[in-house]
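Next come the chains, spelled out residue by residue.
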Amino acid sequence: MLKKFNQLSFVIGAFFAITAVILFANELLSGMAEKINLYSAAAFLAFGVFMIYLSSKEES
Amino acid sequence: MDLKMADYCIIILYFLFVIGVGFVIKRKIKSSNDFLASSRTIPLWITSLAFISANLGAQEVIGMVASGAKYGIVTVHFYWVGAIFAMIFLGVYMMPFYYGSRARSVPEYLKLRFDEKTRGLNAISFAVMTVFSSGISLYALAKMLEIILKWNFDISIWIAACIVMVYIFMGGLTSAVYNEVLQFFLIVLGFSPLVIVALQDAGGWAAVKANLAPNMTHAWKYMGDKDANPLGLHFMSLIFGLGFVMSFGYWCTDFLVIQRAMIAKNMREARLTPIVAAVPKMLMPLIVVLPGIVAIALMQPALANGYKIPVDESGQLNYTMTLPSLIAHYYPSGLLGVGITALMASFMSGMAGNVTAFNAVFTFDIYQPYFVKNKSDRHYLIVGKCVTVVGILISVMTAYIAKGFNNINDFLQLVFGFVNGPLFATFLLGMFWKRTTAHGAFWGLLAGTVGAALTHGLTMAEGKGGWIAPLYEIKSGMGQAFIVALVSWIVNFFTTILVSLVTKPKSDEELKGLVYSLTEKQVDHGGPWYKRVTPVALLLLLITIILNIIFF
């Protein structure tokens, strides 16, 4: 797992995926249901997953 | 602005990641070359994004949003006139000399092409400029956090300085470059929702256009008359001042950005670095100019929704606060943390870029040639690490000086302009006219700097300049900067030619690989078109021209 952090695309992907999770959790726990937070979290998650996918392609 | 738990979590996550990158890279640092020059191992997508991100400091992000609000769409000239052409020129014509000469820095290229005194002059002025710029970034970050979040100024300075120091100290240039790429995505993705929601609130681009004066939404239409456009400039001054002298002077000679291209894996990727970087640069006005224009539109009676750009003590609009005020207005808790983190990232990115350029130039171009020659590589690695710490401490000191003297930033920007303005003439002549001599380059640079200072002293704009005699009034400070740069370039250009004609040039043998006419031309065949320098450069030139026509 630690080796993965040598790949910048994985680091970026992980950062945005975790940020998305924080935004989703914030919406769930606060009950604010701010659309801008939800849409942004979805976009960050999609971008994060895409970067992680790229890093796995790079590795193989 | 009040931050909640989610916002703090995102800020802390960012800090953990940037320091984590330093830890991971640390294991790869074995030599001074790894630490200060990344041993030329970085892939193209990273060098390109780092190239653009090194320029994406706070002055760029906050400053361009402010200019968008103040001057309108003409601010895009800083991209579509003042960047793309120079970046393409750098990739096509100049990178072969920087990369091919095996120089580790821009001042080292000057040593190879000219002599030690020209390298010394450039290295010392560059080192001073970068370390002070880093301090100004630090000051601006702490000031911004003090104003918008009521955070303690001292604590903000020391935390930000320590974080940047830790990740550069551990991973050197590679760590800074990796973090710059992360910062790039954070800035782009962090501010994109703001642009979308603010534009939607204003009713779209058509509504913005309908509610602003026409000269705020046309990039070229009003540039024929200097009194008709917000910049107060005729298009000829814009093209030569910004589009030629300032733009080429910055993008083609500033080691801060060129360093990112010099660490590419091979010559083709080094040449492609600024060209690929031109793609996000071309689109950057969407993130940093458009929000400013939308902000000023939202203050028009027909679109008023409660948003206002804050005013300063004198009651004037404080344009610098445009971006933070938009974030405060539109971002709820959660995304607010992303926005604040993106702001911090832009400050830290600017600071880290300056510190890594400073430690490379200080170690390779000042310490090694002038103080301690012929030591082991380990010695220079340790020096490079120590210089990182010293550079950060000087930055902190500069930040405190800036706090005490309000005008220090203006003063430093002015001095930087005097030094940077004429530099491109030296490189242009040095690379493309083999008759240019070392004495010509040195005296040309000095004369250009004096010419810049005299022009500033004899012109006046927005209450600035005219310290010798205010002989000529210019409408905007930006216009004054263009004219100062233009004069300094012309003075340098002709002084270099005149002195070169009466002094002895280097032999052709010594200039191989350093001058266009004596260097083997780069063959750019093979591989798909999108991996070749010339087709990509031509395509980008075409798109840039089309963008200028669309927003004419």
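In this text, all values refer to a predicted model and were calculated from it rather than measured experimentally. All chains use their own residue numbering, which begins from 1 and follows the written sequence. Chains and ligands are labelled by the order in which they are written, letters from A for the one and numbers from 1 for the other. Only residues with pLDDT of at least 70 are given local features in this predicted model, and only at 80 or more are side-chain atom pairs given and counted; all residues enter the totals for whole chains, interfaces and linings. Side-chain numbers here rest on the full set of heavy atoms in the structure, without hydrogens or water.

1. Let's talk about the overall build of chain A
Each helix is a run of DSSP H or I of at least 4 residues and each strand a run of E of at least 2, with the numbering of both proceeding from the N terminus. Check the secondary structure of chain A and you find two helices and zero strands. Principal axes of the C-alpha set define a box for chain A whose edges measure 40 × 20 × 10 Å. Should any heavy atoms of two residues lie within 4.5 Å, those residues are considered in contact. Summarising the internal contacts of chain A: among those between residues at least 6 apart in sequence, 63% fall at separations of at least 24. Residue-level accessible areas treat just the shown protein chains as cover; the underlying method is Shrake-Rupley with a 1.4 Å probe. By element, 72% of the accessible surface of chain A is carried by carbon and sulfur atoms, the whole surface being about 3,300 Å². Residues scored as positive are Lys and Arg, those scored as negative are Asp and Glu, and His as well as the terminal groups of each chain are ignored. Note on charges: their place is set at NZ of Lys, CZ of Arg, CG of Asp or CD of Glu. Distance between charge centres in chain A, computed from 4 positive and 4 negative side chains, equals 10 Å.

2. What to know about the overall build of chain B
Looking only at helices and strands, chain B has 24 helices and three strands in total. Relative to the 2.2 N^0.38 estimate, which gives 24 Å for 552 residues, the radius of gyration of chain B is 23 Å and therefore close to what a compact globule would have. Overall, the C-alpha framework of chain B stretches about 70 × 55 × 55 Å when taken along its three principal axes. Between buried and exposed lies partly exposed: a residue is buried under 20% and exposed over 50% of the maximum accessible area for its type, with that area taken using a 1.4 Å probe on protein chains only. Within the span of chain B, comprising 552 residues, buried residues form 61% of the whole. Taking as baseline every contact in chain B between residues at least 6 positions apart, the subset at least 24 positions apart corresponds to 79%. Summed over all atoms, the accessible surface of chain B reaches about 20,700 Å², with 68% contributed by carbon and sulfur. Across chain B, the mean location of the 39 positive side-chain charges is 7 Å away from that of the 27 negative side-chain charges. Taken over C-alpha atoms, the radius of gyration is set against a globule rule of 2.2 Å times the number of residues to the power 0.38.

3. Re the packing of aromatic side chains
Residue and element names in this part refer to chain B. Ring geometry is summarised as follows: Phe, Tyr and Trp rings, the Trp one being its six-membered ring, pair when their centres sit within 6.5 Å, and such pairs are stacked at plane angles under 30 degrees, edge-to-face over 60 and tilted between the two. Enumeration over the complete set of coordinates arrives at 39 aromatic pairs over all chains. On the numbers, 6.1 Å between centres and 65° between planes, the contact of Phe 126 with Phe 255 is edge-to-face. One end of the pair, Phe 126, is in helix 8 (residues 116–149); the other, Phe 255, is in helix 12 (residues 255–262), and 129 residues separate them in sequence. Here Phe 126 matches Phe 255 in class, with each residue buried. Every member of this aromatic cluster is reached through a ring pair, and the members are Phe 89, Tyr 93, Phe 97, Phe 244, Phe 248, Phe 424, Phe 432, Trp 489, Phe 493, Phe 494 and Tyr 516. Over the ring of Tyr 99 we find Arg 40; its NZ or CZ atom is 3.8 Å from the centre of that ring. Lying across the ring of Phe 364, Arg 104 places its NZ or CZ 3.9 Å from the centre. Note on geometry: a ring has a charge over it if NZ (lysine) or CZ (arginine) is within 6 Å of the ring centre and within 35 degrees of the ring normal.

4. Quick notes on the sheet that holds strand 3 (residues 472–474) of chain B
Residues and elements named next belong to chain B. Strand order in the open sheet formed by three strands is 2-1-3, and the pairing between neighbours is mixed. The open sheet terminates on both sides in strands that have one partner only, identified here as strand 2 (464–465) and strand 3. By the convention used here, strands pair only if DSSP detects at least 2 bridges between them. Sheet topology note: the strand 1 (residues 459–461)/strand 2 ladder contains two bridges and is antiparallel. Note on strand 2: the bridge partner recorded for Met 460 is Gly 465. Under this scheme, a helix contributes an axis fitted over its contacting stretch, all axes are lines through C-alpha atoms, and angles between N-to-C directions fall in the 0 to 180 degree range. The strands that helix 22 (residues 477–501) touches are strand 1, strand 2 and strand 3; relative to strand 1, the one it contacts most, it runs at about 150°.

5. So, the state of the cysteines
In this description, the term disulfide denotes a pair of cysteine sulfurs within 2.5 Å. The final tally for this structure, using the stated rule, is zero disulfides over all chains. Unpaired in this structure, B:Cys386 has its nearest cysteine sulfur neighbour in B:Cys162, at a distance of 16 Å.

6. A word on the packing of helix 1 (residues 5–26) of chain B against helix 9 (residues 153–202) of chain B
Angle between the axes and distance between the axes are the two parameters that describe a pair of packed helices. All names here are of chain B. Running from amino to carboxyl end, helix 1 crosses helix 9 at an angle of 105°, the nearest separation of the two axes being 8 Å. If you check the angle between helix 1 and helix 9, you find them roughly perpendicular. Asp, Glu, Lys and Arg are counted as charged, while Ala, Val, Leu, Ile, Met, Phe, Trp, Tyr, Cys and Pro are counted as nonpolar; the rest, among them Gly, fall into the polar class. Residues belonging to the contact of helix 1 with helix 9 are distributed by class as follows: 16 nonpolar, six polar and one charged. Roughly parallel means an angle under 35 degrees; roughly antiparallel means over 145; roughly perpendicular covers 65 to 115; every other angle is labelled oblique.

7. Digging into the UniProt feature "transmembrane region" (unreviewed entry) in chain A
Residue and element names in this part refer to chain A. UniProt records the feature "transmembrane region" (unreviewed entry) for residues 7–24 and 36–54 in the present numbering. Regarding residues 7–24, the helix share stands at 94% and the strand share at 0%, and the terminal C-alpha atoms are separated by 26 Å. Annotation note: span residues 36–54, helix share 100%, strand share 0%, distance between end C-alpha atoms 27 Å. UniProt positions are given in the numbering used here, feature names are shortened, and annotations may be inferred rather than shown by experiment.

8. Remarks on the pattern of salt bridges
All names here are of chain B. A pairing counts as a salt bridge when a side-chain nitrogen of Lys or Arg comes within 4 Å of a carboxyl oxygen of Asp or Glu. Tallying each qualifying case throughout the model produces nine salt bridges over all chains. For Asp 365, the salt bridge is made with Arg 119, and the minimal N-O distance between the two is 2.5 Å. In this pair, Asp 365 is assigned in helix 17 (residues 335–371) and Arg 119 in helix 8, connecting sequence segments 246 residues apart. Across the pair, Arg 119 and Asp 365 agree in class, each one buried. Where Glu 146 meets Lys 143, a salt bridge forms, and the shortest distance between an N and an O atom there is 3.5 Å.

9. Quick word on the interface of chain B and chain A
On the side of chain A, 23 residues touch chain B, which itself brings 27 residues to the contact. Buried area adds together the accessible area that both of two parts lose upon being put together, with accessible area traced by a 1.4 Å probe. In total, chain B and chain A occlude about 2,200 Å² of area from one another, counting both sides; carbon and sulfur atoms represent 83% of this. Distance and chemistry together define a polar contact, namely a pair of N or O atoms within 3.5 Å, with one atom able to donate a hydrogen and the other to accept it when in protein, and with adjacent residues in sequence counting only for side-chain atoms on both sides. Counting the contacts that link chain B with chain A gives three residue pairs in polar contact (both at pLDDT 80 or more). Of all the secondary structure elements, the ones that give two or more residues to the side of chain B that touches chain A are helix 1, helix 3 (44–53), helix 9 and helix 17 of chain B. A class-by-class count of the residues in the side of chain B that touches chain A yields 23 nonpolar, two polar and two charged.

10. Thoughts on the packing of helix 21 (residues 438–458) of chain B against helix 22 of chain B
Residue and element names in this part refer to chain B. Between helix 21 and helix 22, the least distance of the axes is 7 Å, while the angle of their chain directions is 150°. Classified by the angle between their axes, helix 21 and helix 22 sit roughly antiparallel to one another. Crossing angle aside, the handedness with which helix 21 passes helix 22 is right-handed. Contacts between helix 21 and helix 22 involve His 439, Gly 440, Ala 441, Trp 443, Gly 444, Leu 445, Ala 447, Gly 448, Gly 451, Ala 452, Thr 455 and His 456 from the former and Gln 480, Ile 483, Val 484, Val 487, Ser 488, Val 491, Asn 492, Thr 495, Thr 496, Val 499 and Ser 500 from the latter. Of the residues that constitute the contact of helix 21 with helix 22, the class distribution is 10 nonpolar, 13 polar and no charged. Helix crossings are classified by the rotation of the near helix relative to the far one: an anticlockwise turn of less than a right angle makes the crossing left-handed, while a clockwise turn makes it right-handed.

11. So, the environment of B:Phe255
For B:Phe255, a relative accessible area of 1% translates into the label buried. A C-alpha to C-alpha distance of 28 Å links B:Phe255 and B:Val74, two positions 181 residues apart in sequence.

12. Concerning the confidence of the model for chain B
Regions with low pLDDT carry predicted coordinates that are not meant to be interpreted in detail. When pLDDT is averaged across chain B, the result is 90; 98% of the residues are at 70 or more. Reported confidences for the modelled complex are a pTM of 0.91 and an ipTM of 0.95. Each residue carries a pLDDT score, the predictor's confidence in it, ranging from 0 to 100.

13. A short note on helix 15 (residues 290–298) of chain B
Counting buried positions along helix 15 of chain B gives nine out of nine residues, so the element sits mostly inside the fold. Among all positions in helix 15 of chain B, only B:Leu290, B:Pro291, B:Gly292, B:Ile293, B:Val294, B:Ala295, B:Ile296, B:Ala297 and B:Leu298 are buried.

14. Focus on the environment of B:Phe78
Residue and element names in this part refer to chain B. Relative to the assigned elements, Phe 78 resides in helix 5 (residues 77–80). Taking the C-alpha atoms as reference points, Phe 78 and Met 282, 204 residues apart in sequence, are found 9.9 Å from one another. Discounting residues that sit within four places of it in the chain, Phe 78 has contacts with Met 64, Ala 83, Leu 242, Met 478 and Phe 482.

15. Concerning a nonpolar patch on the surface
Taken together, the side chains of B:Trp529, B:Tyr530, B:Leu539, B:Leu542, B:Ile543, B:Ile546 and B:Ile550 define a hydrophobic patch exposed on the protein surface, amounting to about 700 Å² of accessible area. Here B:Trp529 lies in the loop between helix 23 (508–511) and helix 24 (533–550). Patch membership requires over 30% relative accessible area and the absence of a salt bridge. Like charges are linked within 9 Å, and nonpolar side chains (Val, Leu, Ile, Met, Phe, Trp, Tyr) within 5 Å.

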